[in-house]
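Given next are the chains, with one letter for each unit.
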Amino acid sequence: MPGKLKVKIVAGRHLPVMDRASDLTDAFVEVKFGNTTFKTDVYLKSLNPQWNSEWFKFEVDDEDLQDEPLQITVLDHDTYSANDAIGKVYIDIDPLLYSEAATVISGWFPIYDTIHGIRGEINVVVKVDLFNDLNRFRQSSCGVKFFCTTSIPKCYRAVIIHGFVEELVVNEDPEYQWIDRIRTPRASNEARQRLISLMSGELQRKIGLKVLEMRGNAVVGYLQCFDLEGESGLVVRAIGTACTLDKLSSPAAFLPACNSPSKEMKESPLAHPPSHGCRSTHNSPIHTATGSRLTQNFSVSVPTLIYTGMGSGSAGKEGGPFKALLRQQTQSALEQRGGSPHRFCRRREFPFFTLTAFPPGFLVHVGGVVSARSVKLLDRIHNPDEPETRDAWWAEIRQEIKSHAKALGCHAVVGYSESTSICEEVCILSASGTAAVLNPRFLQDGTVEGCLEQRIEENLPAGCGFCHIPYDELNMPFPAHLTYCYNCRKQKVPDVLFTTIDLPTDATVVGKGCLIQARLCRLKKKAQAEANATAISNLLPFMEYEVHTQLMNKLKLKGMNALFGLRIQITVGENMLMGLASATAVYLAALPMPGGIQIAGKTPSDGSYEQHISHMQKKISDTIAKNKELYEINPPEISEEIIGSPIPEPKQRSRLLRSQSESSDEVTELDLSHGKKDAFVLEIDDTDAMEDVHSLLTDVPPPSGFYSCNTEIMPGINNWTSEIQMFTSVRVIRLSSLNLTNQALNKNFNDLCENLLKSLYFKLRSMIPCCLCHVNFTVSLPEDELIQVTVTAVAITFDKNQALQTTKTHIEKSLQRASTDNEELLQFPLELCSDSLPSHPFPPAKEHLESARSNSGIPAAQRAVTVEKASPMGEGNFRNRSAPPCANSTVGVVKMTPLSFIPGAKITKYLGIINMFFIRETTSLREEGGVSGFLHAFIAEVFAMVRAHVAALGGNAVVSYIMKQCVFMENPNKNQAQCLINVSGDAVIFVRESELEVISTQQPTANCQQSCAGGEVTT
Amino acid sequence: MTSELDIFVGNTTLIDEEVYRLWLDGYSVSDAVALRVRAGILEQTGATAAVLQSDTMDHYRTFHMLERLLHAPPKLLHQLVFQIPPSRQALLIERYYAFDEAFVREVLGKKLSKGTKKDLDDISAKTGITLKSCRRQFDNFKRVFKVVEEMRGSLADNIQQHFLFSDRLARDYAAIVFFANNRFETAKKKLQYLSFGDFAFCAELMIQNWTLGAVGEAPSKPDSQVDDMDMDLDKEFLQDLKELKVLVADKDLLDLHKSLVCTALRGKLGVFSEMEANFKNLSRGLVNVAAKLTHNKDVRDLFVDLVEKFVEPCRSDHWPLGDVRLFLNQYSVTVHSLDGFRHQALWDRYMDTLRGCLLRLYHD
């Protein structure tokens, strides 16, 4: 009995009218946790009930605390018939289980109904008392912190980065159970929401257990995904990186209480506690009823790409052998770790890291992108002998990734991620990452020989070290093309580098970066089962190849030489495959200058044809020149003599490593180059190629003042201002089914993406100069002729003046500003700026915020009343009126961003992970404004619910926010639509840097002002 | 390729003021796009028509969703779905409840009923304001009226509290509600020269002085007649106004009044002779207006009467505004010197307000 959960229902507001006769509602609340339910009194005839309930107390296992969500149902009491449900609130109490996260959840939560959306709000206070039980980490993993952020969280220091943790749980999808035929859509949706909530709780607990086994205390880069496999079930899987983190502010190391129990377990490798704490993945309690129906009777592994850039050159004299040594060392270091063979074979098996940004010195070398895909057939056949099919599938893929990394001379994979695409019974599993050599210092409990460490650091020139090739030049796995590093001239570098990670902070970059996308569609015949899977796996290598070619060409066209944050998504539909690759292109100073693109006609007989070719050539050269200017790429000229190596032959350097399904170690090669032609020669021999060249030139650069990237920050911009705008945009287009060709499809898809980007630039024009960061495109094919593209990104403003001319006088600046005032275009930014300033006056330090939070625990009635009196006129008014600090109620501003930081602010506390899953359904699609109206409202509601949860935890922002799933289905004929959304992120408290300064100078007054201001915001 | 679905949702709700104006003005999406194109936005931003269409649709959808909340502005402040900075919320409310001068002049003083709503077609045709916009404005008036109708206390304050308007807008709405409640005639041809501002000014004076709430009677009689303190004219006061009749009925009193005024103003007035000739007519007019206010019908015609009996005669004699002011001041002050007249306080309550109104109404 290690925990007591206490819940108090304070009040409701804006409830819907449930009794048409009186235009009022008789509301009461059911509070349910596990199998225990409490009820409040009925508050008669009010749309703003004040229940002010007692504390409902649940005495529960901490295992349940981790798995179960708190379920709050608001109902309308009806004397004669069944009580009508108004809506529900699910509260994940996980954040209350960490010792240093939130201590109380208190605030207004939107009451959500899967059919009607948000219907009013309810004020709830939740607390947890954890009893100190030495054995409490046996079955649960309460102490482990989870972060979505794919770097070491800002207020922590990584003591050890342990490595990869993964887990998956499987269940039947309630939507496909027989009972679904007789229950209401609402009941079905709620069953699904609840199940997924349970499953993710369970998954998180199990991952936590693994972390404890590794003696870590946190999971960073936690990525949880759902696979809706339809009839064959529901898979919830998660990956992450186990770490031991140390809180920065407290120099006394945070030694997790979990140390002792995990040690205990370590001594007995087979120590599976008698209860289900360590049971195997698929025997979860929720699953045992049905057993596993998931099975595989067909599987095709498809060729896998290793993207990397190579060049020829003389062998390294010292570098090679040393690195080999180093590799050996790290490898053995990895192997040495830990006592339990069971546990550590797992880790050695997959030295993967979901992180995309690293502590300085962690990343030694980067090899290139490794990826693997596999086509699987989902099958309904119940096969109890193979309960771990999904595990086996992923293990296979990971094994392949690992071997690819090895081929690149790397012992680890960073920036690792996994994804699936499902259409009917076919499923494509994908994994990708960046092969890398890491500094063992962080992987080890600090016992690495100091000398080795020393030498690594000596040999790591800042800004270029990670570019140096990790593989042995004398024994390269493929013919490569290398030059000496343009930065340090000591080591070899490839001429092009592709990676899935963020740009290392110490990397030397010339100019600015830009977003690059490769887009591709391929028609496929409709087929069933095996035939379908075979058709798909036959198409995949060609798609990979073309995506790669497009990326390479576009990179050259930008005059750049490296890609970061590369993410290739292959989506399978009924009759087509879509490929979308996004990456941020940059010019790395350490890498050689990219060559141009040459166009060659195959049949140079016709004069006019020749002319056409030369015309195209000129256009391309012009574009490259223009891009170089646009992105300020002007690397210092280097004479080749200094480098002392021959100019690399322009030669195709892309490699395709193929591995056959079962034998992933056996690496065969497929030359990606166009025959034996020179690199970057585009041959126009048919209309297809013509299209390709045209499509190269159709990508329009963003309007001036706009930049875009899909990494955390834009290389070359560092003077961010505080205004941020996170957004989600969704588009669905219907293809005309008549004579669809690959070209027409490609054009449609290209236009869709380009138009979407153009729309974003237009919508956000008031923020210029700004940068769209972390642009994340997701493609899905919900139906035969529908393509859905979902984009989530954040627009951040930056100060252009400060960046360009710091010497500019104040007067000049203000003059410039005044002149821009006159332009209609720029009317908004100024207003927005002035708006946004007073809108974030958060308490300056966490103590203040905490006091504010505890204040907010006062009965809502009191708070609500004060607001009624507030008027919207001007900030001044507000400030005066809300004299009792924080007595004023409600809506605090909560920022959301996909980035791990907030510009101009300091994150002072991580409050816990936000992981929410919602279903919304309608049977009155037209009345709700059609599909656009329906989805617009739903996404706005999802944002609102995320914000409400963060605010209730006492936070003021969500970082590393991601919309992992947005599955939209419609049936306009039946006037119906359904949508599932899954989002996650880290709830945090941040403090503006300017406010921090204020505090240090005038603490007492600031304190008062800030708390007043906090009250102001809340109205 | 057709776009089935196209949405943009920001964590902070984007509000484009220009599109908001077009939406409030009742333009359809396609009209709004055309108007934006005409305003040259494509050239300024290099956007395409498709982008503009999509953007406009998005904003319209957002406004449509916000409209429900705008009907009860405090809800807009407390709701959680749209994160909007406070100053933007104020802007949304203020603009939503703003009205067109041409429209308000058409419905000012009319009963805010279904009947009037049916006439909106005609008003729309006459004023050139879209029917949609007319409906919104009409519904706004009616909504505010319904909410504050039964409330105690200051009309403008009540409106401000429940609709979170700026002072200016709250006072305008107070005037609209006051006029609608008392059904003052404002549509007659001879009143056409008056602006909404003129009427609103008069309404404010009347609310301040002629209603139940005005004299601070409420605290002393907490139980009776305290409802609608600011909405309804003080019936007792209107009854009492009959007593003023003596000023014109008693010939001696009238002569004395006239001679006192003439003595005081001799040499100060450019239109002295006209004033002297017209004094009895003017005085009769002003006092009779007061005496008639016991009847609802005559209350409604207050402005017609004031214009007919005072403004028009003076205007036809080309009185400058300064002279009108001098005259009215002297005219009301002099009454204090009439020994036989006992209703000084009543006179002041009546005349102070009337003087203010008349001065405002006196223009071309």
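Residues numbered from 1 in each chain as written. Chains lettered and ligands numbered in written order. Predicted model: local features only at pLDDT ≥ 70, side-chain atom pairs only at ≥ 80, totals over all residues. Heavy atoms only, no water.

- By the naming in an unreviewed UniProt entry, chain B is Acidic fibroblast growth factor intracellular-binding protein isoform X5, taken from Erinaceus europaeus.

- As named in an unreviewed UniProt entry, chain A is C2 domain-containing protein 5 isoform X17, taken from Erinaceus europaeus.

## Brief notes about the packing of aromatic side chains
Here is step 1 of the chain: Under the criterion given, the structure shown has 55 aromatic pairs over all chains.
Here is step 2 of the chain: Taken together, a centroid distance of 6.1 Å and an interplanar angle of 40° make the contact between Phe934(A) and Phe968(A) tilted. With Phe934(A) in helix H20 (residues 930-952) and Phe968(A) in strand E34 (residues 957-971), this pair connects stretches of sequence that are 34 residues apart.
Here is step 3 of the chain: The buried category is assigned to Phe934(A), whose relative accessible area is 0%.
Here is step 4 of the chain: By relative accessible area, Phe968(A) is classed as buried at 4%.
Here is step 5 of the chain: Arranged with centres 5.9 Å apart and planes meeting at 40°, the rings of Phe103(B) and Phe141(B) form a pair that is tilted. Placement of the pair is Phe103(B) in helix H7 (residues 101-107) and Phe141(B) in helix H10 (residues 131-149), with a sequence separation of 38 residues. Both residues of the pair, Phe103(B) and Phe141(B), count as buried.
Here is step 6 of the chain: Here the aromatic cluster, defined as three or more aromatic residues joined through ring pairs, consists of Tyr20(B), Trp23(B), Phe63(B), Tyr96(B), Tyr97(B), Phe99(B), Phe103(B), Phe141(B), Phe163(B), Phe165(B), Tyr173(B) and Phe196(B). (Phe/Tyr/Trp six-rings, centres within 6.5 Å; stacked < 30°, edge-to-face > 60°. Helix = DSSP H or I, 4+ residues; strand = E, 2+ residues; numbered from the N terminus. Buried < 20%, exposed > 50% of the residue type's maximum accessible area, 1.4 Å probe, protein only.)

## Structural notes on the interface of chain B and chain A
Here is step 1 of the chain: Contacts between chain B and chain A engage 48 residues on the former and 63 residues on the latter.
Here is step 2 of the chain: Carbon and sulfur atoms supply 60% of the area buried between chain B and chain A, which totals about 5,200 Å² over both sides.
Here is step 3 of the chain: At the boundary of chain B with chain A, the tally comes to five salt bridges.
Here is step 4 of the chain: With its nearest N and O atoms 3.0 Å apart, the salt bridge here joins Arg731(A) to Asp6(B).
Here is step 5 of the chain: Where chain B meets chain A, there are 23 residue pairs in polar contact (both at pLDDT 80 or more).
Here is step 6 of the chain: Of the residues assigned to the side of chain B that touches chain A, the class counts are 20 nonpolar, 18 polar and 10 charged. (Contact = heavy atoms within 4.5 Å. Buried area = accessible area lost by both parts, 1.4 Å probe. Salt bridge = Lys/Arg side-chain N within 4 Å of Asp/Glu carboxyl O. Polar contact = N/O pair within 3.5 Å; in protein donor to acceptor, adjacent residues only side chain to side chain. Nonpolar A, V, L, I, M, F, W, Y, C, P; charged D, E, K, R; others polar.)

## Quick look at the sheet that holds strand E21 (residues 509-523) of chain A
Residues and elements named next belong to chain A.
Here is step 1 of the chain: Spatial ordering of the open sheet is given by E20-E22-E23-E21, a layout of four strands whose pairing is mixed. Of all the strands in the sheet, the pair left with one neighbour each is strand E20 (497-498) and E21.
Here is step 2 of the chain: As paired strands, E21 and strand E23 (residues 576-588) are joined by 12 bridges and run antiparallel to one another. Its bridge partner being in E23, Cys 514 is matched across the sheet by Ala 585.
Here is step 3 of the chain: The strands that helix H9 (residues 529-557) touches are E20, E21, strand E22 (562-572) and E23; relative to E21, the one it contacts most, it runs at about 150°.
Here is step 4 of the chain: Along the sheet, helix H13 (residues 742-763) contacts E21 and E23; its crossing angle with E21, the most-contacted strand, is approximately 140°. (Pairing = 2+ DSSP bridges. Axes fitted to C-alpha atoms, helices over the stretch in contact; angles between N-to-C directions.)

## Some words on the pattern of salt bridges
Here is step 1 of the chain: Enumeration according to the criterion identifies 51 salt bridges over all chains in this entry.
Here is step 2 of the chain: Among the salt bridges present, the one from Lys297(B) reaches Asp301(B), with a minimum N-O distance of 2.4 Å.
Here is step 3 of the chain: Judged by relative accessible area, Lys297(B) falls into the exposed class, the value being 53%.
Here is step 4 of the chain: The exposure class of Asp301(B) is buried, given its relative accessible area of 14%.
Here is step 5 of the chain: Look at the salt bridges and you will find they share partners, linking Lys763(A), Arg765(A), Asp16(B), Arg36(B), Asp55(B), Asp58(B) and Arg61(B) into a network.

## With respect to the state of the cysteines
Defined simply, a disulfide is a covalent bond joining two cysteines at their sulfur atoms.
Residues and elements named next belong to chain A.
Here is step 1 of the chain: With the rule as written, the count across this model stands at zero disulfides over all chains.
Here is step 2 of the chain: Sulfur of Cys 467: no disulfide; nearest cysteine sulfur belongs to Cys 485 and is 6.5 Å away.
Here is step 3 of the chain: Judged by relative accessible area, Cys 467 falls into the buried class, the value being 1%. (Disulfide = S-S within 2.5 Å.)

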